[in-house]
Each structure stands twice: as C-alpha cells, then as structure tokens.
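Per-entry structural report
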Amino acid sequence: MTTLTRTQIFIMAATAGIAVANVYYSQPILQAIAQHFDITTEKAGSISVLSQIGYGIGLFLLTPVGDMIERKKLILYLQIGLIASLLLIGFAPNLSVLYAGSLLIGVFAVVAQVILPMAASLVQEHRGKVVGQIFTGLLIGILVARVFSGFVTNWLGWQYVYILSSGLVMATALLMQADFPTVPTRFTGTYFGLLRSTVAQLGRFSPLRKAALTGMLAFGTLSAFWVTLTFYLSGAPFHYAPSQIGLFGLLAAAGALVAPVFGKLADKGTPHRSLLFSTSLTLVSIIALKLFPGTIIAIWITVILLDIGVQATQVTNIAIIYSLDHTANSRINTVYMTSYFVGGALGAFFAIQLYDAGGWAWSTTFMALLSITAIVNVATMQPIKKPLAI
C-alpha cells in the first residue's frame, strides 16, 4: 500500500479545504447579498441552504463514483465543474442565477469527500491520524472561508469572493494532478448498481447508522448556529459588518487544531468515549448561549466549544466508518457525509424559520434539542473496543 508524503498530505488537505470553503462563503455576507438583490432575510438565508442541499446531492450521486473510476480523474472533473459554478455566481445578474449557482457550488464542492476516502485507501498505518490531518485542512477551509469572504466583501464586493475562489480551485487542480498515485478502482458494476450498493452499506453496518445520525445532528447544530449568528450580529445591539462577523471564524480554529488529536484517539480504539465527550461539549456550548443571551463573551465561548465539539465528533466518526470495509470507502463515506450535510441543510433551514418566528431564543433552543438528541444516540451505541486502524 502506498505511503503518502507530508507534501502530498498537505496538498490533499489544502485542496479539500479550498473546495469545501465555497459552501460557507455566503454565511457572513448574507446581509450584503440581501441588500444587493433587495431581498428578505429568509430569501438570503436560502443561499446557504441551497449550497448544503447541493452538497448532499453531490455526495450521493457523485462521490460513490470514486469506487468505480480513478479518483484523480473524478477530482479533476469536479474541480472543473466547481470553477464554472463559482464564475456563474460571481457574475449572477439576478436571484434565480444566484440560487442556481449556489446549488451547483455545493454539488461540485464534494471533491473534498473524494479526497478523504482516497487518502484512507492509500495508507494503512495511522489511518486515523492521516485522515485527521486532511480533515484539519478541510476544517481550516471552512473557518478561513468566513474570514476571507467577510474581508473581500468589505474591500471589493461580495461577487469577488467567488471570482477569486475560482482561481484558488484552479491552482489546487493543477497540484492534485501533478504527483499523486493512481488508486485502483474496485467496483465493476453499473452506475445504478453502485448507487444501490451505496444505500446497502447503511444496512450492513450498525456503527455506520449510528455515526450517520450523530453526524447529522452535530452538523445540524453547527449550521443552525452559524446561519442565524450572521443575522443576530448584523442587527441590534451589535450591528457588525461582514468582516467583523467573518472574524468569528478565527475563534473556531480551536476545532481544527484538535481534530488530529481525536483521530489518534480513534486509532487507539476509544471512539465511544471521544464521542460522548464531543457531543456533551456541543451541548455545553449552546447552554452558554441560553444562560447569557446577548453577551458577546458567551458567543465567543460558544464558537470555540461548539466547533471543537462538532469537529471532534466528525473526525471520530470518520475514523469509525473507514474501519468498516476499505474496499467500499467511497460508498460508506457517501452514506455518512450525505447524512451529515442533509443534517446541515435541515438545521440551517429550520433555524432560519425559527429565527424569523421567535428570534435568537427560539433558534438556540432548537440547537440545544439537536445536541441532546445526539448525546442520547451516542449513549445507546455499542462501544467499539477494537483498534480502528485496518
């Protein structure tokens, strides 16, 4: 089995981070987009929801193909589609084109979810550590996305966020095609047979079902928080600009920094304990918002703890699912990540509706309920005692 060099791991991490960042660029600049197109808060919030729906569609329909065709080719095709989608939204003349571009950006940004199983297939020892490192790059992409889009919007306008990003995706596309080994394909059936096999993975493994639900609830909580935080900080008493809201992403860097730590714990065979800790931390972060509403320090604490909790949950879940059947990594990853981002889209959607109906108090109560459900799900799963490295 091939060993990845540090440079290759870095390139894969950067490519994944730059790709997935496109799904999150809109979050701190929703108010600016709403003003540009003269639309309501609810219509502007749909941009983030559509990107996550698109990500879910791409996950289910495109990422399983990594078990059928050579992954380097698939990554290139997805990056070309992503570049075209970014330019479409950057030059969007009306709301309909903006919505279409947002959906397509989500569809093609799934290149990040082709890279993760590719890395898992290329390494044997310390798989959790390597996947954790690449996932750290993905998390940094998500965090930097909010800062990047906020500052670019302030200086150049929100359209340039997507135009500049198309150049970054092009650069990583060249790097990914330059010096990476070919990963042998394993599935020899038809495309529709591949999709049926993907769905069948859910029935094969109980840990996959539990991980999928936990991930769905965790990411639903995170998405609900970030999409409503934008509107909360844009209004009274804060009246923050997009660049100021984007800076909150830097506080979440702690989540990215601890991701490899939880990957190592999963390699040692303690994922159940890690999940109990991470889901409980998520709930604690939301409780801070409920106890100290309208307090900026409470928001800072929540940003840090929430991102640590959710990202630790994600890394641990990924280590679990990649231990199940390495010949079906792309399909197993598809089941998990589709659930994950469907949870994110639903969490954002319902949070926006609740924010419009009852403000910050209603949306934070919704987040707390999601966190509690995740803890219950983890508490009822069967502990995995064996080491997860294959």
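Now for a look at the structure at hand.

Below, the discussion takes up the overall build of the protein. Check the secondary structure of the protein and you find 16 helices and zero strands. Taking the contacts inside the protein whose residues are at least 6 apart along the sequence as the reference set, 84% of them involve residues at least 24 apart.

Attention now moves to the pattern of salt bridges. Overall, the coordinates contain one salt bridge when judged by the stated rule. The partner of Asp325 in a salt bridge is Arg204, with the nearest N and O atoms 3.1 Å apart. Residue Asp325 is found in the loop between helix H15 (296-321) and helix H16 (329-379), and its partner Arg204 is found in helix H9 (residues 191-204); the two are separated by 121 residues along the sequence.

We now examine a nonpolar patch on the surface. A contiguous nonpolar patch, built from Phe151, Trp155, Leu156, Tyr160, Leu164, Leu247 and Leu250 and spanning about 740 Å² of accessible area, is present on the exposed surface. Where the nonpolar patch is concerned, the elements lending two or more residues are helix H7 (127-155) and helix H8 (159-178). With relative accessibility at 40%, the residue Tyr160 sits in the partly exposed group.

With that out of the way, let us pick up the packing of helix H3 (residues 41-61) against helix H10 (residues 206-234). Closest axis-to-axis distance for the H3/H10 pair is 11 Å, and the angle between their directions is 150°. In terms of orientation, H3 and H10 fall into the roughly antiparallel class. Relative to H10, H3 is oriented so that their crossing is right-handed. Residues Thr41, Gly45, Ser48 and Gln52 of H3 pack against Phe219, Ser223, Val227 and Phe231 of H10. The residue inventory of the contact of H3 with H10, partitioned by class, reads three nonpolar, five polar and no charged.

Attention shifts here to the packing of helix H2 (residues 30-37) against H3. Remark: H2 packs on H3, axes separated minimally by 9 Å, with the N-to-C direction vectors making an angle of 125°. By the criterion of interaxial angle, the relationship of H2 to H3 is oblique. Both H2 and H3 take part in a crossing whose hand is right-handed. Here Leu30, Ile33 and Ala34 of H2 lie close against H3, whose contacting residues are Ala44, Gly45, Ile47 and Ser48. Taken together, the residues that form the contact of H2 with H3 break down as five nonpolar, two polar and no charged.

For the rest of this paragraph, the subject is the packing of aromatic side chains. Scanning all chains against the criterion turns up 15 aromatic pairs. Relative to Tyr162, the ring of Trp158 has its centre 6.3 Å away and its plane inclined at 80°; by these criteria the two rings are edge-to-face. Arranged with centres 5.3 Å apart and planes meeting at 75°, the rings of Phe349 and Phe350 form a pair that is edge-to-face. On the basis of relative accessibility, which here comes to 41%, the residue Phe350 falls in the partly exposed class. Ring-pair connections join several aromatic residues into one group, and the members of that group are Phe225, Trp226, Tyr232, Phe238, Tyr240 and Trp360.

Mapped onto the secondary structure, Thr230 falls in helix H10. Using a relative accessible area of 2% as the deciding quantity, one classes Thr230 as buried. Polar side-chain contacts of Thr230 include one of 2.6 Å to the backbone oxygen of Gln27. Contacts of Thr230, omitting those with residues within four sequence positions, involve Gln27, Pro28, Leu30 and Ile245.

Next up on the list: the environment of Pro117. Take Pro117: it is sitting in helix H6 (residues 111-122). Pro117 sits in the buried class, given a relative accessible area of 0%. Residues Pro117 and Ile332, spaced 215 residues apart in sequence, show a C-alpha to C-alpha distance of 9.1 Å. Every residue in contact with Pro117, bar those within four places of it in the chain, is listed here: Arg71, Tyr322, Asn329, Ser330 and Asn333.

For Ser339, the position within the fold is in helix H16. Looking at Ser339, its side chain comes within polar contact range of the main-chain oxygen of Val335, at 2.9 Å. In this view, Ser339 contacts Ala212 and Met216; residues no more than four positions away in its chain are not counted.

Its identity as a non-glycine residue notwithstanding, Asp38 has a phi of 55°, on the positive side. Its location among the elements puts Asp38 in the loop between H2 and H3.

Tracing the backbone shows Ile89 in helix H4 (residues 71-90). Take Ile89: its relative accessible area is 1%, and that puts it in the buried class. Sequence spacing of Ile89 and Gly101 is 12 residues, and the spatial spacing of their C-alpha atoms is 4.9 Å. With sequence-adjacent residues up to four places away left out, Ile89 is seen in contact with Leu98, Gly101, Ser102, Ile105, Trp158 and Tyr162.

On to H3. Taking 1.5 Å per residue, 21 residues should reach 30 Å; H3 reaches 31 Å between its end C-alpha atoms and fits that length. In H3, a bend of some 25° at Ile47 exceeds every other bend along the element. Considered for burial, the residues of H3 that qualify are Ala44, Gly45, Ile47, Ser48, Val49, Ser51, Gln52, Gly54, Tyr55, Gly56, Gly58 and Leu59. As for H3, its buried residues are in contact with helix H1 (6-21), H2, helix H5 (95-108), H6, H10 and H16.

Reading the values: rules and limits
Residues numbered from 1 in each chain as written. Predicted model: local features only at pLDDT ≥ 70, side-chain atom pairs only at ≥ 80, totals over all residues. Heavy atoms only, no water. Helix = DSSP H or I, 4+ residues; strand = E, 2+ residues; numbered from the N terminus. Contact = heavy atoms within 4.5 Å. Salt bridge = Lys/Arg side-chain N within 4 Å of Asp/Glu carboxyl O. Patch = residues over 30% accessible without salt bridge, like charges linked within 9 Å, V, L, I, M, F, W, Y side chains within 5 Å. Areas by Shrake-Rupley, 256 points an atom, 1.4 Å probe, with all protein chains shown as cover. Buried < 20%, exposed > 50% of the residue type's maximum accessible area, 1.4 Å probe, protein only. Axes fitted to C-alpha atoms, helices over the stretch in contact; angles between N-to-C directions. Parallel < 35°, antiparallel > 145°, perpendicular 65-115°, else oblique. Left-handed = near helix turned anticlockwise from the far one by under 90°. Nonpolar A, V, L, I, M, F, W, Y, C, P; charged D, E, K, R; others polar. Phe/Tyr/Trp six-rings, centres within 6.5 Å; stacked < 30°, edge-to-face > 60°. Polar contact = N/O pair within 3.5 Å; in protein donor to acceptor, adjacent residues only side chain to side chain. Expected span 1.5 Å × (residues − 1). Bend = angle between axes of the 7 residues up to and from the residue.

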